[in-house]
Amino acid sequence: MAMSDDLKAIEAQVTEGLAAAESMEALEALRVSVLGKKGSLTQIMRSMGKVSPEERPAMGKLANTVRGNVEAALKARKEELGHELMERRMAADACDVTLPGRRLSQGTQHLISQIREEIEDIFCGLGYTVEDGPYVESTWYNFTALNAPEDHPSRSAKDTFYVVDNAPGTMLHAEETNVQGESDILLRTQTSGVQVHVMENKKPPIYMICPGTVFRPDTADANHLPQFTQVEGLVVDEGITFGDLKGTLDYFTREIFGKDRATRYRPHFFPFTEPSCEVDVSCGVCGGKGCRFCKNTGWLEILGAGMVDPNVFEFCGIDPEKYTGFAFGIGVERVAALRYDLPDLRMLMTGDMRFLRQF
């Protein structure tokens, strides 16, 4: 068969192939079979040297014409297929632009943040200031200045996150070392250390709360979290009595839990205060009659409090003969659990929007 016949056959083959190509993949396969390195037209172009000198100009011109026609036809079909593909995509993705758009749901504060701010508002309404302090403390501020002795269980490595040891050449203040001279830098286990900072830097009268995150190496369970939010309060002034403490906390519990809730004060021990007490609020589920939620006692424990120990005033340079005061500590997560009857504190940490949207 003459070369001219082969070229015409290739052109006819391409015409048929273009009509049958319904996808970009099929079109590419046709292009490779004709114009690829091993394609039929490429092979003919490479064999042009075997054509006699008299026929070579005519065959070369015909081959170039066929190649140009094939490339133009492939390009045209590619554009046509691209247009068809775009039309199909537009039809599949079509939407009714007259339909109303989707509204974004309105965000809200996390329940813990809500209750923390509510507690702040209650005490700010009583004239208290809101103070803040460092998350990383020394044992002086976290324990010693709060009258906790060296052998107090809370100072154990099992109950506290110690984050820095005494490295060679490190300069430490005296209050940042224990009796063995080792560094005692830790993640604060309570926000009471902020009270020490304030008493060192401000003169009485002091009426303050210090909300913030605290850290304890507890295993997360229904009643414990290794990281939680605490609100500590402190009052230092002349003539402060236990009656002032009770009046303040009675007011707080009724504002946060409801006007119908009763309070109860039970003797307890805290190194920071003397005398000390645990404060209970009447159960909101049974109205104080006793149920499973309050373990049939009618009461729910909510916070610890007491009159500031004179030793603490002496550590901070305040005259205990002139000034008295009281302090208290509130767990925000516990308030949330008691207020909304939550059976497990971990529910506050999961980020489950089905739960959080309720508040």
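Heads up: these notes are all about the structure in this document. (Residues numbered from 1 in each chain as written. Predicted model: local features only at pLDDT ≥ 70, side-chain atom pairs only at ≥ 80, totals over all residues. Heavy atoms only, no water.)

### Some details on the overall build of the protein
Part 1: The number of helices and strands found in the protein is 11 helices and 10 strands.
Part 2: What you see for the protein is a C-alpha radius of gyration of 41 Å, clearly larger than the 21 Å of a compact globule of 359 residues, by over 25%.
Part 3: The dimensions of the protein, computed from C-alpha atoms along their principal axes, are 125 × 60 × 35 Å.
Part 4: Here the protein holds 359 residues, and 41% of them are scored as buried.
Part 5: Put simply, 65% of the contacts in the protein that link residues at least 6 apart link residues at least 24 apart.
Part 6: Split by element, the accessible area of the protein, about 20500 Å² in all, is 53% carbon and sulfur.
Part 7: In the protein, which carries 38 positive and 53 negative side-chain charges, the distance between the mean positions of the two groups comes to 10 Å. (Helix = DSSP H or I, 4+ residues; strand = E, 2+ residues; numbered from the N terminus. Rg over C-alpha atoms; globule rule 2.2 N^0.38 Å. Buried < 20%, exposed > 50% of the residue type's maximum accessible area, 1.4 Å probe, protein only. Contact = heavy atoms within 4.5 Å. Areas by Shrake-Rupley, 256 points an atom, 1.4 Å probe, with all protein chains shown as cover. Lys, Arg positive; Asp, Glu negative; His and termini not counted. Charge placed at Lys NZ, Arg CZ, Asp CG, Glu CD.)

### What to know about the pairing of strand E7 (residues 263-270)
Part 1: Relative to strand E8 (residues 273-282), E7 runs antiparallel, the two being bridged by seven bridges. Its bridge partner being in E8, Phe-270 is matched across the sheet by Thr-273.
Part 2: Connecting the antiparallel pair E7 and E8 is a turn made up of two residues. (Pairing = 2+ DSSP bridges.)

### Topic: the environment of Ser-40
Part 1: With respect to the secondary-structure elements, Ser-40 resides in helix H3 (residues 40-46).
Part 2: Sequence separation between Ser-40 and Asp-6 is 34 residues, and the spatial gap between their C-alpha atoms is 9.1 Å.
Part 3: Other than its neighbours up to four places away in sequence, Ser-40 contacts Ile-10, Ser-33 and Val-34.

### What about the nonpolar core?
Part 1: With 43 residues, the main nonpolar core has Ile-119, Leu-303, Phe-328 and Ile-330 as its most contacted residues.
Part 2: Elements supplying a minimum of two residues to this core: helix H5 (111-124), strand E6 (227-237), helix H8 (242-257), E8, strand E9 (299-308), strand E10 (324-331), helix H10 (332-339) and helix H11 (353-356).
Part 3: Examining the composition of this core, we find that six residues originate from one element, H5, more than from any other.
Part 4: One finds Tyr-141, Ile-206, Val-312 and Phe-313 within the second-largest nonpolar core, a separate group that totals 21 residues. (Core = buried A, V, L, I, M, F, W, Y, C linked by side-chain atoms within 4.5 Å.)

### A word on a nonpolar patch on the surface
Part 1: A cluster of nonpolar side chains, contributed by Tyr-135, Val-136, Phe-161 and Val-163, occupies part of the molecular surface with about 330 Å² of accessible area.
Part 2: Structurally, Phe-161 can be placed in the loop between helix H6 (139-142) and strand E3 (162-164). (Patch = residues over 30% accessible without salt bridge, like charges linked within 9 Å, V, L, I, M, F, W, Y side chains within 5 Å. Salt bridge = Lys/Arg side-chain N within 4 Å of Asp/Glu carboxyl O.)

### Looking at the packing of aromatic side chains
Part 1: Tallied over the full model, the rule gives nine aromatic pairs.
Part 2: On the basis of an interplanar angle of 25° and a centroid distance of 5.4 Å, the ring pair of Phe-123 and Phe-252 is categorised as stacked. Of the two residues, Phe-123 sits in helix H5 while Phe-252 sits in helix H8, which places them 129 residues apart along the sequence.
Part 3: An angle of 85° between the planes, with centres 5.6 Å apart, marks the rings of Trp-140 and Phe-315 as edge-to-face. Residue Trp-140 is located in helix H6, and its partner Phe-315 is located in helix H9 (residues 310-315); the two are separated by 175 residues in the primary sequence.
Part 4: Take Trp-140: its relative accessible area is 19%, and that puts it in the buried class.
Part 5: Taken together, Phe-123, Tyr-128, Tyr-207, Phe-252, Phe-326 and Phe-328 form an aromatic cluster joined through their ring pairs. (Phe/Tyr/Trp six-rings, centres within 6.5 Å; stacked < 30°, edge-to-face > 60°.)

### Some details on the pattern of salt bridges
Part 1: By the definition in use, this model includes 14 salt bridges.
Part 2: Where Lys-259 meets Glu-255, a salt bridge forms, and the shortest distance between an N and an O atom there is 2.4 Å.
Part 3: Residues joined in a network through salt bridges with shared partners are Arg-264, Arg-266, Asp-280 and Glu-301.

### Notes on H5
Part 1: Here H5 contains 14 residues, and its C-alpha end-to-end distance of 20 Å stays within 8% of the 20 Å for a straight helix at 1.5 Å per residue.
Part 2: Among the residues of H5, Leu-111, Ile-112, Ile-115, Ile-119, Glu-120, Ile-122 and Phe-123 are the ones counted as buried.
Part 3: Buried-residue contacts for H5 involve strand E1 (129-130), strand E5 (206-215), E6, H8, E10 and H10. (Expected span 1.5 Å × (residues − 1).)

### Points about the sheet that holds E5
Part 1: In space, the seven strands of this open sheet follow the order E1-E5-E6-E10-E9-E8-E7, with mixed pairing throughout. Two strands bound the open sheet, and with one partner strand each, they are E1 and E7.
Part 2: Alignment of E9 against E10, held across five bridges, turns out to be antiparallel. Note that in E10 the partner of Ala-305 across the bridge is Phe-328.
Part 3: Sheet contacts for H5: E1, E5, E6 and E10; angle to E5, the most-contacted strand, approximately 165°.
Part 4: Helix H7 (residues 192-201) contacts E5, E6 and E10 of the sheet and is inclined by roughly 140° relative to E5. (Axes fitted to C-alpha atoms, helices over the stretch in contact; angles between N-to-C directions.)

Function cannot be inferred from these measures alone, as they are strictly geometric.
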